[in-house]
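Chains, contacts and geometry: an overview
Below, each chain spelled out in residue letters.
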Amino acid sequence: MAIPKNVKIKNNLLPAEPGVYLMRDAGGEIIYVGKAASLKSRVSSYFLKSHDDKTARLVRDIRRIDYQITLSVLEALILEANLIKKYLPKYNIREKDDKSFLYLAITKDDFPRPMLIRGLELRRMNRNRFKAVFGPYLSARSLRAALDLIRKMIPYSTCEPNQKRACFNFQIGKCPGVCAGKISRADYAKIIRNLILFFQGRKTRVLANLKKEMKRLSENSKFEKAATVRNQIRALEHIQDIALLKRDEPTPEIGLAGEKFINIFGRVEGYDISMISGQHAVGSMVVFDQGEPAKGEYRKFKIKTIRGTNDTGMLKEVLARRFRNRWPHPDLILIDGGRGQVNAALEILSLFRLRIPAVGIAKGITRKKDELIYDRLDPELKRVSEQYKAILVRVRDEAHRFAVKYHREIRGRIL
């Protein structure tokens, strides 16, 4: 089915570039705003197949389609949210409760940090506690991918200051060092100012600020820092947003706002290492779907590259081998272990450029208490971990059982 003749297209042409499209009804009112990696493909898809009732009603109401081209999918995502906030389109906002939409808020702390907040939580909060609030965002997955991408260009912090040691993200260049006192409040304020400008859709202003900063650093013979800023400028000028392209679904959906930030009833993978004094080491991967074991998805790993007692190294090997395969990606990873094991998992996820939440379960000092290990500055991860601890413990226990069973099989063959 071609686009109907009663639907007018801006300039009678749909470009293949990324951007945002605005759908209008017979009265000229904007009734839906969406982003696209390819405006031509996305907009055309509305008229090429059947849809659910809500989308079908939207398609029947469309009489004109305008659009704004952007230089990247990332900028389209940001523009989409700003336009939805401005116009409150019927099919984005008014036909559903916005409590499930996701918002990005920047705190007013001495070292401000971004927070992801659901609409229902935001209603209960005093907005004066935030420097800025952006959204609503239709897709939690896309926003998470966007933040991960932006952090490589504008490395903000999610840490509390004055910690005993630097965080994992500082070690991989995604945190400027608030945790370890590596950056002043004044310098960090510049980062937050650029982050806010970027989410306002003012990338040109961000680039101007960074070029000014690079010049200042060079004039003061701080060449290493100037080179870091130069790399940020290059990254912003040539945004590589493959992660967002992968999440930019080819068919339109109404109702993405209801997407769970972390879906505990989606695919959850549990990992454990089993050995005795470093001998006959193996790893296990178990999969839970809808909160129940999916035994056909389980995988075994015989450790090949690590010798001796080094379960974090073994865990890294298992995860690296797992993510080299084209198996479905999980919504959450559960590790049988403490902070060291969780950090090892996050390191591998970073190497594969994956933003998948990871939770560990440690036995605690007495080895009788199941202690949850996770990023406590992530409110959604905290909520899911605490609320669904029983499911996570089941995943941990099953990963442990499966690893021990395989370990015994290996020992039995040798002995």
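Residues numbered from 1 in each chain as written. Predicted model: local features only at pLDDT ≥ 70, side-chain atom pairs only at ≥ 80, totals over all residues. Heavy atoms only, no water.

**Remarks on the layout of surface pockets**
- For the largest pocket, the calculated volume is near 1500 Å³.
- Around the largest pocket, the lining comprises 48 residues; the ones closest to its centre are T158, N169, R339, L346 and D375.
- With seven residues, the top contributor of residues to the lining of the largest pocket is helix α13 (residues 339–351).
- Considered class by class, the residues forming the lining of the largest pocket number 25 nonpolar, six polar and 17 charged. (1 Å grid on protein atoms, 1.4 Å probe; cavity = no way out; pocket = protein on both sides within 12 Å on 5 of 7 lines; lining within 4 Å. Points joined across faces, edges and corners; volume = space filled by probe spheres on them. Helix = DSSP H or I, 4+ residues; strand = E, 2+ residues; numbered from the N terminus. Nonpolar A, V, L, I, M, F, W, Y, C, P; charged D, E, K, R; others polar.)

**Topic: the pattern of salt bridges**
- Inspection of the entire model under this criterion finds 24 salt bridges.
- Here D66 and R24 are joined by a salt bridge, their closest N and O atoms 2.8 Å apart. Of this pair, D66 sits in strand β4 (residues 64–69) while R24 sits in strand β2 (residues 19–24), and the two are 42 residues apart along the sequence.
- Here D66 falls in the buried class, since its relative accessible area comes to 12%. (Salt bridge = Lys/Arg side-chain N within 4 Å of Asp/Glu carboxyl O. Buried < 20%, exposed > 50% of the residue type's maximum accessible area, 1.4 Å probe, protein only.)

**Some details on the packing of aromatic side chains**
- Evaluation of the coordinates by the stated rule reveals eight aromatic pairs.
- Where Y21 meets Y46, the ring centres are 5.8 Å apart and the plane angle is 75 degrees; that geometry is what we call edge-to-face. Highlighted residues: Y21 in strand β2 and Y46 in the loop between α1 (39–45) and α2 (53–61), separated in sequence by 25 residues. As far as the burial class goes, Y21 and Y46 line up, both buried.
- Grouping aromatic residues by their ring pairs yields a cluster made of Y21, Y32 and Y46. (Phe/Tyr/Trp six-rings, centres within 6.5 Å; stacked < 30°, edge-to-face > 60°.)

**Side note on the pairing of β2**
- By the criterion of burial, β2 is predominantly enclosed, with five of the six residues buried.
- Pairing between β2 and strand β3 (residues 30–36): six bridges, direction antiparallel. Bridge pairing in β3 places Y21 opposite G34.
- Judged from the six bridges that link them, β2 and β4 form a sheet pairing that is antiparallel. Paired with G19 across the strands is I69, a residue of β4. (Pairing = 2+ DSSP bridges.)

**Focus: helix α9 (residues 203–219)**
- For α9, with 17 residues, the first-to-last C-alpha span of 24 Å sits near the 24 Å given by 1.5 Å per residue.
- Of the residues making up α9, those classed as buried are K203, V206, L207, L210, E213 and L217. When α9 is viewed along its axis, its buried side chains cluster within an angular range of 125 degrees and face the same direction. Residues T204, K212, K215 and E219 are exposed on α9 and point more than 90 degrees away from its buried face.
- Where the residues of α9 are buried, they touch α3 (73–87), α8 (185–199) and α10 (223–237).
- S221 sits one or two residues past α9 and shows a positive phi near 60 degrees. (Expected span 1.5 Å × (residues − 1). Arc of directions from axis to C-beta. Contact = heavy atoms within 4.5 Å.)

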